[in-house]
Amino acid sequence: MEPQTESPATIVSRPDFYVQTLDVRAQIGGEAYVKELIPTLLELRDGLEVLDVGCGTGADALRMAEQVAPRGKVVGFDHSPEMITEAQERARGLDRPIEFVQGEAHALDFADGSFDRCRCDRVLSHIADPQPVVNELVRVTRPGGLVLASDLDLGTMFVNGSDHDLATQVALRMSDVVANGWSGRNLQRQLHDAGLRDIRCVPTVVLNSVAFMRMVFAYTLGLMVDAGEMTPDQVAAFWDELEQGEREGWLCSGVTVFTVVGRKP
């Protein structure tokens with residue numbers, strides 16, 4: 001691996017970092033399972049109109065557009081203009097019923113009851129007060145339609161390194177560096193409080209690769225080193241052991257993802 005020349009804070013602030021992270025994440029077995037689960041829970045079929053809030057690169061929105069074609073439509077929505085540009089570029093030349101819109105999730109620029117299905121995936125963990133966003137998803141859903149939220153719960157993170165104290169501290173700090181680290185366990189209540197009924201919660205344990213963990217842990221580990229909570233040597237030993245575990249087949253590190261769906265009365 002080449003030496004890191006940028007600080008973790010600089011790296012995670014770059015749009016291309018998020019694009020790369022999303023692409024790598026999609027290759028993880030458990031993540032792929034969740035991506036297959038979501039359209040099933042949404043009961044997608046031809047003719048439905050779907051809103052994907054936090055669409056990122058548009059990969060999931062493009063797959064859903066295939067499932068609701070030819071009479072349906074998918075709108076991919078994201079607050080990041082860079083992500084919207086990336087999604088539009090990936091959709092270029094594809095014959096899919098899809099469009100991408102930039103805006104804010106807490107104030108969706110759509111009329112009440114505009115969509116048959118609304119979903120957000122890995123969005124609410126980045127929002128300190130997610131209830132208004134959930135309420136917006138419900139507002140723009142038609143009566144009888146489905147609303148789905150899927151998110152990880154960093155409080156369930158586990159790492160099977162031999163340095164138990166370090167592994168525990170990393171998991172705790174990961175929960176703290178995002179706005180809503182325990183998002184997953186709260187989704188069911190938030191959908192209930194937004195007025196949904198027939199709510200179903202499906203938890204999935206996702207096991208992560210070392211390559212993916214290196215991407216998502218870099219910022220947190222940098223903060224811990226800066227705060228004197230661990231040394232660079234400890235970080236190096238931490239990665240060496242996990243790399244060994246992956247080579248030898250005993251690595252077991254991951255997190256629980258909660259996917260919750262409910263129906264609007």
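Scroll up to find the structure this text is about.
Let us look at the structure shown here. Source: prediction; values computed, not measured. (Residues numbered from 1 in each chain as written. Predicted model: local features only at pLDDT ≥ 70, side-chain atom pairs only at ≥ 80, totals over all residues. Heavy atoms only, no water.)

### Quick word on the pattern of salt bridges
Next, step 1: Taken as a whole and assessed by the stated rule, the structure comprises 24 salt bridges.
Next, step 2: Taking the shortest distance from any N to any O, the salt bridge between Arg 122 and Asp 121 comes out at 3.7 Å. There is no split in this pair, since Arg 122 and Asp 121 are both buried. (Salt bridge = Lys/Arg side-chain N within 4 Å of Asp/Glu carboxyl O. Buried < 20%, exposed > 50% of the residue type's maximum accessible area, 1.4 Å probe, protein only.)

### As for the sheet that holds strand β2 (residues 73–78)
Next, step 1: Spatially, the 7 strands line up as an open sheet ordered β3-β2-β1-β4-β5-β7-β6, and their pairing is mixed. Single-partner strands in this sheet number two, and they are β3 (98–102) and β6 (197–207). Neighbour-to-neighbour, the strand axes of this sheet turn through a mean angle of 15°, independent of strand direction.
Next, step 2: Two strands pair when backbone bridges link them, and strand β5 (residues 141–158) and strand β7 (residues 254–263) are joined in this way by 9 bridges, in the antiparallel orientation. Paired with Val 147 across the strands is Gly 262, a residue of β7.
Next, step 3: Packing against the sheet, helix α6 (residues 131–139) makes contact with β1 (49–53), β4 (115–121) and β5, and its axis sits at approximately 150° to β5. (Pairing = 2+ DSSP bridges. Helix = DSSP H or I, 4+ residues; strand = E, 2+ residues; numbered from the N terminus. Axes fitted to C-alpha atoms, helices over the stretch in contact; angles between N-to-C directions. Contact = heavy atoms within 4.5 Å.)

### Remarks on the packing of helix α9 (residues 210–226) against helix α10 (residues 232–248)
For any two helices packed against each other, the geometry comes down to the angle between their axes and how far apart the axes lie.
Next, step 1: Put simply, α9 and α10 touch, their axes get as near as 11 Å, and they point 165° apart. By the angle between their directions, the pair α9 and α10 is classed as roughly antiparallel. Relative to α10, the crossing made by α9 is right-handed. In contact with Val 210, Met 213, Arg 214, Phe 217, Leu 221 and Val 225 of α9, α10 contributes Pro 232, Val 235, Phe 238, Trp 239, Leu 242, Glu 243 and Glu 246.
Next, step 2: Its residues placed into classes, the contact of α9 with α10 shows 10 nonpolar, no polar and 3 charged. (Parallel < 35°, antiparallel > 145°, perpendicular 65-115°, else oblique. Left-handed = near helix turned anticlockwise from the far one by under 90°. Nonpolar A, V, L, I, M, F, W, Y, C, P; charged D, E, K, R; others polar.)

### Topic: α9
Next, step 1: Between its terminal C-alpha atoms α9 stretches 22 Å, which fits the 24 Å expected from 17 residues at 1.5 Å a residue.
Next, step 2: Of all bends in α9, the biggest is about 50°, found at Phe 217.
Next, step 3: Among all positions of α9, only Val 210, Phe 212, Met 213, Met 215, Phe 217, Thr 220, Leu 221, Gly 222 and Met 224 are buried. (Expected span 1.5 Å × (residues − 1). Bend = angle between axes of the 7 residues up to and from the residue.)

### Digging into the pairing of β3
Next, step 1: Both β2 and β3 contribute to a ladder of 5 bridges, which runs parallel. By the bridge assignment, Gly 76 is partnered in β3 with Phe 100.
Next, step 2: Considered for its hand, the β-α-β crossover made up of β2, helix α5 (residues 81–91) and β3 is right-handed. (Right-handed = clockwise from strand over helix to strand, strands pointing away.)

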